[in-house]
Amino acid sequence: MTSPHTAAPGTDGRWSARQWGTLLVLCAALFLDALDVSMVGVALPSIADDLDLSTSSLQWVVSGYILGYGGLLLLGGRAADLLGRRRVFLVALGVFAAASLLGGLVDSGELLIASRFIKGLSAAFTAPAGLSIITTTFAEGPVRNRALSIYTTCGATGFSMGLVLSGLLTEVGWRWTMLLPAPVAVLALVAGIKLIPSSPRERHTGRGYDLPGALTGTSAMLLLVFTVVEAPQAGWSSARTLLSFAAVAVLLAAFAVIEHRSSHPLIRLGVLRSPHQIRANLGGAAFFGSYVGFQFLVTQYMQSLLGWSALQTALAFLPAGALVALASTRIGPLVDRFGTPRVIATGFTLLFLGYVLFLRVDLTPSFAAVILPSMLLLGAACALVFPSLNIQATNGVRDEEQGMVSGLLNTSFQVGGAIFLAVVTAAITAGSGDGPPASPQAVLDSFRPGLVVVSAIALAGLLITLTGLRRRVSYGIVVASSDAVAPVDEQRKVPVRD
């Protein structure tokens, strides 16, 4: 159900100025969403000193954003379908700008954490709405793949460049890391009002909100993220953690029952029977979870052990971010030619090799032999995997369900990041013992189990992706309808390749 105001690209494949403008607005929003996930990392020590935050309080500056983002994505995706993608996107972008301004002006840790939660909440609505605007504006196939490769690579670039910008801005003052997104979001909002085409609400919205499903699903995601973030401090086997996981299981079971019985479910459970949807979401969790864990470890290694400044640490990540940015227009043609499983598998292979290579680090920094090659491998992996996962998840899906699958994929990214970061943190804690390590070498030795876990997560993502290489036909449309759909010959149709 594409907007009547949306003009398809011409027969020569060229896009109009308005289409380019719309894509740039959506790219700016996704760039800011991803930027906020990573940019706060390098600034944390300065924030702790200025606001007098303890370590347990400081983690919520990061976790507050993840809670809002990961917990409300499913609701954000469904809201985009029901209320209109343009409306949801613009309102959420305005809230993001206001919360960014608030975060840079606060004088207490509680208000900073609250502003981070609000920013995560708004990103939970802009991300699926923006992705579904693209998938309903550009026709499925090479045209959409090109748009998605540009769009999603901007997100990967934002995440990769977050540390770089954070290092630069923290040298001036940590508040600038919070304030920077505000003016960019305002400019994107003004441009979006003029450029983004109107989209209709889904029909029969009167019975389509599924409030019980929204309540149970969102509560389950929030509690799950909260539990895995708190588990390293509370203890994985503590009564609090076990009861929280049990409550998550009960909420998820209730959510499944509600969705099965609802005439307009928040997420249609038939989507979860699609092999290529399952691979896309599990791959997203493994990809983002492994990278978040790796980034956390490397930041600690460079600053705690090597004594590098925030700026030096940020510049070490620059090759990865630059490589992702340079590859922004190259991924669509690769997907058209080789299909998403092959591109994703190649990316996961590079990701795994980058993590394994970094296991060679020691107390004497070897930038040319270890750090730089690892960053280049990771940059190439991000450029390949992130756009391809989004293409795989949205291909063959009806317009009115694009917000739903977009929200589901982004939920997998964020929840995967929270879960695997907690696992990596637990591995580090177990390797460091009860007290502080006696020497820098002991600190480095405590990091290695975490790097092994990160490598194992990437390997698992690769193995999951490889299961899709055996299929030579596409059944992607099945996820959008319960009606039987004949296989599509990849050599005769626009390739979905899954």
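See the structure printed just above.
Source: prediction; values computed, not measured. (Residues numbered from 1 in each chain as written. Predicted model: local features only at pLDDT ≥ 70, side-chain atom pairs only at ≥ 80, totals over all residues. Heavy atoms only, no water.)

A. Up close: the overall build of the protein. Helix and strand counts for the protein stand at 17 helices and two strands. Classification of the 498 residues of the protein by burial places 57% in the buried group. Here the contacts in the protein between residues at least 6 apart in sequence split such that 83% fall between residues at least 24 apart. Carbon and sulfur atoms provide 67% of the accessible area of the protein, an area that totals close to 19,300 Å². (Helix = DSSP H or I, 4+ residues; strand = E, 2+ residues; numbered from the N terminus. Buried < 20%, exposed > 50% of the residue type's maximum accessible area, 1.4 Å probe, protein only. Contact = heavy atoms within 4.5 Å. Areas by Shrake-Rupley, 256 points an atom, 1.4 Å probe, with all protein chains shown as cover.)

B. Region of interest: the side chain of S238. Within the secondary structure, S238 is located in the loop between α8 (211-234) and α9 (239-261). Here T241 takes part through its side chain, which lies 3.0 Å from a polar atom of the side chain of S238. (Polar contact = N/O pair within 3.5 Å; in protein donor to acceptor, adjacent residues only side chain to side chain.)

C. Representation of the packing of aromatic side chains in the model. Evaluated as defined, the whole model comprises 12 aromatic pairs. Between the aromatic rings of Y65 and Y69, the centroid separation amounts to 5.7 Å while the plane-to-plane angle is 90 degrees, which identifies the pairing as edge-to-face. Here Y69 and Y65 lie together in helix α2 (residues 55-83), a separation of four residues that amounts to about one turn. The class of Y65 is buried, set by a relative accessible area of 1%. Between F294 and F358, the aromatic rings sit 5.2 Å apart at their centres with planes inclined by 80 degrees, giving edge-to-face as the arrangement. Within this pair, whereas F294 is found in helix α10 (residues 275-305), its partner F358 is found in helix α14 (residues 340-358), the two being separated by 64 residues in sequence. Across the pair, exposure class does not vary: F294 and F358 are buried alike. Put simply, the rings of Y291, F294, Y301, Y355 and F358 pair up and form one aromatic cluster. Here the guanidinium or amino end of K119 rests over the ring plane of F96, the centre of that ring lying 5.1 Å away. (Phe/Tyr/Trp six-rings, centres within 6.5 Å; stacked < 30°, edge-to-face > 60°. Lys NZ or Arg CZ within 6 Å of the ring centre and 35° of its normal.)

D. Looking closely at the pattern of salt bridges. By the definition in use, this model includes three salt bridges. For K119, the salt bridge identified is with D36, shortest N-O distance 2.6 Å. Taken as a pair, K119 in helix α4 (residues 109-137) and D36 in helix α1 (residues 17-51) lie far apart in primary sequence, 83 residues in all. Considered together, K119 and D36 belong to a single accessibility category, that of buried residues. For the salt bridge of R175 with D50, the shortest nitrogen-to-oxygen distance reads 3.8 Å. A residue pair is termed long-range when its members are at least 10 positions apart, and R175 in helix α6 (residues 175-179) and D50 in helix α1 qualify at 125 residues. Judged by its relative accessible area of 25%, R175 is partly exposed. The network of salt bridges with shared partners includes D36, R116 and K119. (Salt bridge = Lys/Arg side-chain N within 4 Å of Asp/Glu carboxyl O.)

E. Representation of the nonpolar core in the model. Ranked by size, the top nonpolar core spans 102 residues in total, and within it F89, F287, F294, Y301, M302 and F358 carry the most contacts. In contact with F294, other than residues within four places in its own chain, are Y355, F358, M375, L378, L451 and V454. By size, the runner-up hydrophobic cluster in this structure holds 13 residues, among which are I47, A48, L58 and W174. (Core = buried A, V, L, I, M, F, W, Y, C linked by side-chain atoms within 4.5 Å.)

F. Seen up close, α10. Between its first and last C-alpha, α10 extends 44 Å over 31 residues, near the 45 Å set by a 1.5 Å rise per residue. Counted residue by residue, α10 has 24 buried out of 31 residues, so it is predominantly covered. Following α10 by one or two positions, G307 adopts a phi angle in the positive range, close to 75 degrees. (Expected span 1.5 Å × (residues − 1).)

G. Spotlight on the packing of α1 against helix α5 (residues 142-172). The contact between α1 and α5 brings their axes to 6 Å, and the two run at 30 degrees. Between α1 and α5, the crossing angle belongs to the class labelled roughly parallel. In this structure, α1 crosses over α5, and the sense of that crossing is right-handed. Classifying every residue of the contact of α1 with α5 gives 21 nonpolar, 10 polar and one charged. (Axes fitted to C-alpha atoms, helices over the stretch in contact; angles between N-to-C directions. Parallel < 35°, antiparallel > 145°, perpendicular 65-115°, else oblique. Left-handed = near helix turned anticlockwise from the far one by under 90°. Nonpolar A, V, L, I, M, F, W, Y, C, P; charged D, E, K, R; others polar.)

H. Seen up close, the side chain of E259. Within the secondary structure, E259 sits in helix α9. The exposure class assigned to E259 is buried, which follows from its relative accessible area of 3%. Beyond its immediate chain neighbours, meaning those up to four positions away, E259 contacts D210, G213, P265, L266, I267 and L269.

I. Highlighting a nonpolar patch on the surface. Residues V91, V95, L102, F117 and I118 make up a contiguous nonpolar surface patch of about 370 Å² in total accessible area. Of the residues forming the nonpolar patch, the biggest block, three residues, is contributed by helix α3 (residues 85-105). Look at I118 and you get partly exposed, because its relative accessible area is 34%. (Patch = residues over 30% accessible without salt bridge, like charges linked within 9 Å, V, L, I, M, F, W, Y side chains within 5 Å.)

In short, the description is geometric, and any link to function would need to be established separately.
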